[in-house]
Structures are given as C-alpha cells and as structure tokens.
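So you can see what is in the structure, the chains are spelled out below.
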Amino acid sequence: MKSSDEKKNLYDLVSRVNHWALALLIVGMLVFGFYVFEFVPRGPGKGALIGLHKSIGFVILVLGIWRVGWRLAQGFKRDTGTSPLWQHRVARAAHVLLLAGVIIMPLSGITGAYFSGRVTSVFGLFSLPVGEKTESLAEIAYGAHVIAAYSISFVLILHVAGALKHHFIDRDATLKRMLGKS
Ligand code: HEM
Ligand code: HEM
C-alpha cells in the first residue's frame, strides 16, 4: 500500500495523457516544421503542407492552454530522484520553458499569420482572424517563432536526456511515474 503522501506525488491520468499527447504533437510539429520550411521546394505541395502545419498548430494552442492550466492548478510534483540540487533546478527550469513553449510556439505562428494578411483556415472548417498586412510585425512574429522552435528543440534534447539518465543510469522512478508505472 502506498502512503497518501506518495500517492499525491504521482502523476494522475489527466497529467499523463496531457504530457504524452502534447509531447507527440510538439515533437511531430518540430520535425514537420523544420522539414517543410527548410527542405520542401516552393509549389502547391508546399502550400498544402503549410496549411496543415497551421491547422495542427491551432489545435496545439487549444490543447496547450488546457495542459498548462492543468499544471498550474495542480502545481509541479516533487522530484523522485536523488540528483544534486542544481540538476533539480535545471529540470524544473526546463519544464517551465517547455510549458511556455507549448503556448509561445502556436501563438507566435498565429500572430505572424495574422499580420501576413493571408487567411489561415483551420482544416477548412473555419478561418482565424486576419489583420491588415504589416510586413514588419509579421517578420518579428515569425522570427520569434523560428527562434522559439530552435530553443525548444534544445531544451527538449536536455529534457529527454535527463529522463533517460534517470531511467537507465540512476534507475529511479522518474520516467516510470510519467508512464503510470511505479
Ligand atoms: C518525447 C520524449 C519525452 C520524454 C521521454 C519525457 C519524459 C518526461 C518525464 C519522465 C517527466 C517526469 C519528470 C519528473 O517527474 O520529474 C516529464 C515531465 C514533463 N515533461 Fe516530458 N518528456 C518528453 C517530451 C516532452 C515534451 C515534447 C514536452 C513539451 C511540451 C514535455 C514537457 C514536460 C513537462 C512540462 C513536464 C513536467 C510535468 C508536466 O507538467 O507534465 N515533455 N517528461
Ligand atoms: C506548437 C506549434 C508549432 C510548432 C512546434 C511549430 C514549429 C515550426 C518549425 C520547426 C518551423 C521551421 C522553422 C525554420 O526552420 O524555418 C516553423 C515555421 C513556421 N511556422 Fe510553425 N509551428 C507551430 C505552430 C504554427 C502555427 C499555429 C502557425 C500559423 C498559424 C505556424 C506558421 C509557421 C510559419 C509561417 C513558418 C515559417 C516561418 C518563416 O520561416 O518565416 N506555425 N514552425
């Protein structure tokens, strides 16, 4: 039997579904975004892929607001590992940055789209509001979008490396409790 204190420190089902669903979407969108914008040549095919990028990005914004709200309401869990204090602090900072990224990524994209003056349709179902074309503001927003994409990728590599270190080197319950096994 687990003590109620131990139970309080586990991730509930909603937190786990939030974590892995958004993890899949964010990693997918980073890979997809870098691929489309760095490697796909201009043309109608690219236009369709950009449309898909924007539509999925909008869905991430909605799910992301829910995910961040849930974590803020619940607070962060205590660490399970016995790593030095600086590692706990780096891990916590990475969690905060990743949560910020879940909102900043789609919001900067949508802001760029708003000022680009082009209509953004979400899966052909409805359109996002569009402003008057203001190239300077679109450039700033898209610039922030690209810088955020690289920054989040860096933090994510650190985050995944930390999770693997806990699991395979420290052999503690950090990864297991996010998988719902402990
Ligand atoms: C894809 C591989 C990933 C793995 C293996 C992984 C693993 C983990 C693990 C083991 C924890 C628990 C840490 C602890 O309890 O101290 C955790 C927490 C967390 N992860 Fe990930 N993660 C991944 C991807 C992501 C992504 C893409 C994001 C970005 C949104 C993310 C954001 C977070 C946040 C914010 C927490 C803190 C708890 C929470 O709010 O869910 N993770 N992750
Ligand atoms: C979590 C959501 C999102 C992620 C992870 C993401 C990721 C990315 C990545 C990795 C790139 C490529 C950066 C580069 O190498 O040039 C990119 C570019 C871009 N994204 Fe997103 N994106 C997201 C949401 C959105 C949304 C919602 C929109 C618009 C409604 C959008 C519009 C764009 C545009 C227009 C570019 C090209 C920017 C430029 O090169 O000037 N993205 N995105």
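(A) Looking closely at the site of ligand 2. Near ligand 2 you find 21 residues, and of these Phe37, Glu38, His53, Tyr142 and His145 are the closest. Between ligand 2 and Glu38 there is a distance of 2.3 Å, counted from an oxygen atom to a side-chain nitrogen or oxygen. The contact in question runs from a nitrogen atom of ligand 2 to an N or O atom on the side chain of His145, over 2.8 Å. Per-element accounting of the shell around ligand 2 gives the leading share, seven residues, to helix H2 (residues 13–39).

(B) Summary view of the coordination of the iron atom of ligand 1. Protein ligation of the iron atom of ligand 1 involves His19 (NE2) and His159 (NE2), the donor distances falling in the range 2.0 Å. Relative to the metal, the six donor atoms surrounding the iron atom of ligand 1 lie at angles of 87 to 180 degrees, and the coordination shape comes out octahedral. Note that His19 is positioned in helix H2 and His159 in helix H5 (residues 135–170), a separation of 140 residues in sequence. The class of His19 is buried, set by a relative accessible area of 13%. For His159, a relative accessible area of 23% gives the class partly exposed.

(C) Broad picture of the nonpolar core. Core analysis: the biggest nonpolar cluster contains 16 residues, and Leu22, Ile26, Leu30, Ile60, Leu98, Met105 and Ile152 have the highest contact counts within it. Elements represented by at least two residues in this core include exactly H2, helix H4 (85–116) and H5. Sorting elements by how many residues they give to this core places H2 first, with six residues. Among residues more than four places away in sequence, those in contact with Ile60 are Leu22, Leu25, Ile26, Met29, Val102 and Pro106.

What counts, and where the lines are drawn
Residues numbered from 1 in each chain as written. Chains lettered and ligands numbered in written order. Predicted model: local features only at pLDDT ≥ 70, side-chain atom pairs only at ≥ 80, totals over all residues. Heavy atoms only, no water. Near = heavy atom within 4 Å. Polar contact = N/O pair within 3.5 Å; in protein donor to acceptor, adjacent residues only side chain to side chain. Helix = DSSP H or I, 4+ residues; strand = E, 2+ residues; numbered from the N terminus. Donors = N, O, S within 2.8 Å, 3.2 Å for Na, K, Ca; no water. Tetrahedral: all angles 85-135°; square planar, octahedral: opposite > 155°, others 65-115°. Buried < 20%, exposed > 50% of the residue type's maximum accessible area, 1.4 Å probe, protein only. Core = buried A, V, L, I, M, F, W, Y, C linked by side-chain atoms within 4.5 Å. Contact = heavy atoms within 4.5 Å.

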